[in-house]
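Below are the chains, spelled out letter by letter.
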Amino acid sequence: MADNEIDSSIEDMLKGVEAPEKNPDDPFESQFSQAQDMGLSMMGSSQRKEFEQFVEQKQSHLPKMNGCVPEVDLSIKGFAPIEKFWEDTPNKVYDDPTYYKTCLTGEGQASQRLHGLLVKYLNCQDKKDRTVYRQQIITAYWEFIKNMAPKMASNNIPLCKKMAMRFGILLPSLFSPEQKAMFSKAIERNVTYEPVLYMDEWIRSVALGHMKASTTDEVPTRGAAKGPAAEQQRIQQLKSKNSGKLQTSESLLNAKESERTSLEADVQRKIEELLRHEIEIGCEPHKQGYTDLQRKLFSEIINDFRALQKVDKELTKNLQEFKEAKEIETSLLEKEGAVVEEVSVGKEEILSEMNTIRQMAKMTCGRQGNQYPVFTREFFHCIDKFTGFRENVIRELAWIESIDPQCFCRIHKNIPHRIVPYTLLVPTYGDIGFCWEPFDRYNRLSSRGRICIPMYPRDLKTACLTAVGDLRWQVAKEKASFDWMSDGLTGYYYQYLEEHKMRGDIKQFFIEDYILWITKEAMGTQKLAKEVRAIFWRYLPFPQELKEELKKRSPVYLELYQRDINRSMSDGY
């Protein structure tokens, strides 16, 4: 059988359905499609102007995006509420009778092997043989996906191939009617503008150079790439390095401007108070001299001017650094605009990233978990609200951040920088989320970390908690560096385990306690050891409002609350 043909034996597993129809995603897409159909040149001047104004207004309210990947913006303080979880009109891609054939066509021997194993598995009645075929399908599926990965950079790839990588959907006939209806309404595009990506978006971003490949322990291959692709990749690397300087200088500049405004307002208030004189009764129109309180203002105003002088010096320095970083960014953007977008990394790098993703998928399932990669109603048991669609995952991450406000923050010069990690959604039946990288090794300040979350877990909330808990541990450990066993969060936690002679995976102990901290202790239910609760209270603090509420519920929390007050009053806090 040729590579571009599929055996007709699979047709028995497909249902007769209607042909797919076009469906615009939103008013912007509708207007854009209308413009494409008519052609801007055929529009009247007023209609064309109205359309251009509409596009400009639409784009001005959106965060900066680099393909599927939003750029880091330190001014964003939280997740925007998800206004829409499902499309209003179902996508008809799963109704296409040629879905399976189109999906496997053109993928060489990998697709033929996968097809043959699927047919045997679906028709097999013997349990032992089915187990053997199922294990073989795992390897065949990943070979098929690897073969398809470089094509994700193309804008013309069939939607069914994207869905096969995104959701693991090869055969729509393996849906139940309810599952088919649910997946048909899944939102395809990233309208949240958060760095939460499906597998096809992740690979596309890596292939186009919008995102670096995931770090591994393997030794990188030597040899310099050439051509526009290499230039585009070099520009992306320079932008990533400059981004940290730009974000930091702007953040510090904003802080100093805020401090200056506060001092100036204080000086203005004191001077106004200094200029206020009461009339001396009996000696009108003469006024009284300075009062004792006004004389005290002299030294206070002098101190304020000294503080303003110091702030101005730091502000000027930060402003200069910001201007330099801004000029570099402008120059890089101009150079980037002159380079034609194309696949900016080699095929080997893309395949290497797929191997990394496969390792991630295995880790979400664990050694004893179900690693079967193809979507089937046999193993899928999630309801719509707790399936790992992008919008559901963002909802869970926002909930975690509402209880642990610093979970995505890194502190620099006493200023917290909120940086949401890249979040890869893998279509596995695993239950374990985890952190792959806490941050880029070349840009620790403003680069995004990387976490991975399974899409079809038994409990999506727990899967997200394990990923954030792992991120928390790794960031704290990297921050403490060589002192991680004696300093900060990781140091005190490690010493607690040593004192109680607890043996095992330290990080796993921490993640389990972190889950209890967020799900139980935040509700006032005491589940942690006293020492662990004290460590978490200080280094993984709840919001102040929640602390105020908890101190009323139990003397345990009241004591911890009082410790906060004592530390804040001491020099060593």
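Residue numbers run consecutively from 1 along every chain, following the written order of its sequence. Thresholds applied to this predicted model are a pLDDT of at least 70 for local features of residues and 80 or more for the giving and counting of side-chain atom pairs; totals over whole chains, interfaces and linings are not thresholded and use all residues. Values reported for side chains reflect all heavy atoms of the structure, with hydrogen atoms and water molecules removed beforehand.

Q: Could you give me a rundown of the overall build of the protein chain, with the residues and numbers involved?
A: When helices and strands are tallied, the protein chain shows 18 helices and eight strands. Only protein chains enter the area calculation, which uses a 1.4 Å probe; residues under 20% of their type maximum are buried, those over 50% are exposed, and those in between are partly exposed. Within the span of the protein chain, comprising 573 residues, buried residues form 44% of the whole. Residue contacts are defined here by distance: any two heavy atoms, one from each residue, within 4.5 Å place the two residues in contact. Excluding contacts between residues fewer than 6 apart, the proportion of contacts in the protein chain whose partners are at least 24 apart in sequence is 76%. Exposure was quantified through the Shrake-Rupley algorithm and a 1.4 Å probe, taking into account, for residues, occlusion by the shown protein chains and nothing else. A total of about 31100 Å² of accessible surface is found on the protein chain, and carbon and sulfur atoms cover 51% of it. Strands here mean DSSP runs of E at least two residues long; helices mean DSSP runs of H or I at least four residues long; both are numbered from the N terminus.

Q: Kindly report on the confidence of the model for the protein chain, identifying the contributing residues and their values.
A: Known as pLDDT, the predictor's per-residue confidence is scaled from 0 to 100. For the protein chain, per-residue confidence averages 83 on the pLDDT scale, and residues scoring 70 or more make up 82% of the total. Confidence drops under pLDDT 50 across residues 1–43; counting only partners more than four residues distant or on other chains, this segment forms 67 contacts. Note that residues 54–61 has pLDDT below 50 and, in this model, six contacts with residues that lie over four places away or in other chains.

Q: Would you mind going over the pairing of strand β5 (residues 415–418) in detail, with residue names and values included?
A: In the case of a regular strand, side chains alternate between the two sheet surfaces. Across four bridges, strand β4 (residues 409–412) lies against β5 in antiparallel orientation. What sits directly across from H412, in β5, is I415. Each pair of strands is called paired provided DSSP finds at least two bridges between the two strands.

Q: I'd like a description of the packing of helix α14 (residues 488–499) against helix α15 (residues 506–519), backed by residues and values.
A: Two quantities define a packed helix pair, namely the angle between the helix axes and the distance between the axes. Comment: axis = line fitted to C-alpha atoms, over the contacting stretch for helices; angle = value between 0 and 180 degrees taken between N-to-C directions. Contact geometry of α14 with α15 gives a least axis separation of 11 Å together with a crossing angle of 100°. Taken together, the axes of α14 and α15 are roughly perpendicular relative to one another. Facing L489, Y493, Y494 and L497 of α14, the residues of α15 in contact are I506, F509, F510 and D513. Looking at the contact of α14 with α15 residue by residue, the class counts come to seven nonpolar, no polar and one charged. By definition in this entry, angles of less than 35 degrees are roughly parallel, angles greater than 145 are roughly antiparallel, angles of 65 to 115 are roughly perpendicular, and the rest are oblique. Lys, Arg, Asp and Glu make up the charged group, whereas Ala, Val, Leu, Ile, Met, Phe, Trp, Tyr, Cys and Pro make up the nonpolar group; the residues left over, Gly among them, are polar.

Q: For the side chain of R418, give the residues involved together with the corresponding values.
A: Residue placement: R418 occurs in strand β5. R418 gets classed as buried once you look at its relative accessible area, which sits at 8%. What qualifies as a polar contact is a pair of N or O atoms within 3.5 Å, subject to a donor-acceptor requirement within protein and to the restriction that residues adjacent in sequence count only when both atoms come from side chains. Side-chain polar atoms of R418 contact the side chain of E401, separated by 2.6 Å. With near-sequence residues (within four places) excluded, R418 lies in contact with L74, I76, K77, G78, F79, E401, F408 and C409.

Q: A description of the sheet that holds strand β6 (residues 422–426) should follow, citing residues and the corresponding values.
A: What holds strands together in a sheet is hydrogen bonding between their backbones, with the strands either parallel or antiparallel. Strand order across the open sheet formed by four strands is β3-β6-β8-β7, with mixed pairing between neighbours. Edge strands, defined here as strands with exactly one partner in the open sheet, are β3 (196–198) and β7 (434–437). Averaged over neighbouring strand pairs, the angle between their axes works out to 30° when direction is ignored. Pairing analysis gives three bridges linking β3 to β6, with the strands arranged parallel. Across the sheet, L197 pairs through a bridge with L424, a residue of β6. Each of β3, β6 and β8 (450–454) touches helix α8 (residues 199–207); the most contacted strand, β3, lies at about 100° to it. Across the sheet, helix α11 (residues 347–365) lies against β6, β7 and β8, angled at about 155° from β7, the strand it touches most.

Q: Would you mind going over the environment of Y193 in detail, with residue names and values included?
A: Among the secondary structure elements, Y193 is positioned in the loop between α7 (177–184) and β3. Considering only alpha carbons, one finds Y193 and V69, 124 residues apart in sequence, at a separation of 7.9 Å.

Q: Lay out the packing of aromatic side chains in plain terms, naming residues and giving numbers.
A: The geometry of two aromatic rings is summed up by the distance between their centres and the angle between their planes. Each aromatic pair joins two rings of Phe, Tyr and Trp (for Trp, the six-membered one) with centres within 6.5 Å, and gets the label stacked for planes under 30 degrees apart, edge-to-face for over 60, and tilted for any other angle. If you walk through the whole model with that rule in mind, you get 38 aromatic pairs. Aromatic pair F175 and F375: ring centres 5.0 Å apart, planes at 55°, arrangement tilted. Within this pair, whereas F175 is found in the loop between α6 (159–167) and α7, its partner F375 is found in the loop between α11 and α12 (390–403), the two being separated by 200 residues in sequence. Taking 6.2 Å as the distance between ring centres and 85° as the angle between the ring planes, the aromatic pair formed by W537 and F542 counts as edge-to-face. In terms of burial, W537 and F542 fall into one category: buried. In this analysis the charged atom, NZ for Lys or CZ for Arg, is taken to sit over a ring once it is within 6 Å of the ring centre and within 35 degrees of the ring normal. Across the ring face of Y422, the terminal group of R448 is positioned such that the distance to the ring centre comes to 5.7 Å. Sitting over the face of the ring of W399, K461 holds its NZ or CZ atom 4.0 Å from the ring centroid.

Q: Lay out unusual backbone geometry with the relevant residues and their values.
A: Omega for the peptide link from E284 to P285 comes to 5°, which places this bond in the cis form. At S481, a residue that is not glycine, the phi angle is positive and equals roughly 55°. Mapping S481 onto the fold places it in the loop between α13 (460–480) and α14. Here S481 falls in the partly exposed class, since its relative accessible area comes to 38%. Phi is positive for K501, close to 50°, though the residue is something other than glycine. We classify K501 as exposed; its relative accessible area is 64%.

Q: Which residues make up the nonpolar core, and what values go with them?
A: Think of a nonpolar core as a cluster: buried Ala, Val, Leu, Ile, Met, Phe, Trp, Tyr and Cys residues, connected wherever their side-chain atoms sit within 4.5 Å. One finds F167, L170, F183 and F536 to be the most contacted residues of the largest nonpolar core, which totals 118 residues. Ranked by residues supplied to this core, first place goes to α13 with 11 residues. Ignoring sequence-local partners within four residues, the contact set of L170 consists of Y99, Y100, C103, L104, L114, L118, Y141, F144, A164 and V374.

Q: Any chance you could break down a nonpolar patch on the surface for me, citing the residues and the numbers?
A: Residues I271, L275 and F305 make up a contiguous nonpolar surface patch of roughly 290 Å² in combined accessible area. Residue L275 is classed as exposed on the basis of its relative accessible area, which comes to 60%. Two joining distances apply to patches: 9 Å for like charges and 5 Å for nonpolar side chains (Val, Leu, Ile, Met, Phe, Trp, Tyr), and every residue must have over 30% relative accessible area and no salt bridge. Basic side-chain nitrogens of Lys or Arg form a salt bridge, by our definition, when they fall within 4 Å of a carboxyl oxygen of Asp or Glu.

Q: Describe the packing of α13 against α15, naming the residues involved and giving the relevant values.
A: Put simply, α13 and α15 touch, their axes get as near as 9 Å, and they point 120° apart. Looking at the two axes, α13 sits oblique to α15. The two elements α13 and α15 cross, and the hand of that crossing is right-handed. The residues of α15 that touch α13, namely those facing T462, L465, T466, V468, G469, D470, R472, W473 and Q474, are I506, K507, F510, I511, Y514, I515, I518 and T519. Classifying every residue of the contact of α13 with α15 gives nine nonpolar, five polar and three charged. What makes a crossing left-handed is the near helix being turned counterclockwise from the far one by less than a right angle; a clockwise turn instead makes it right-handed.

Q: I'd like to hear about α13, residue by residue, with values.
A: Every helix has an expected span of 1.5 Å times one less than the residues it contains. Its 21 residues give α13 an end-to-end C-alpha distance of 31 Å, which sits within 8% of 30 Å, the value for a rise of 1.5 Å per residue. Most of α13 sits out of view: 16 of its 21 residues are buried. Positioned one or two residues after α13, S481 has a phi angle of 55°, which is positive.

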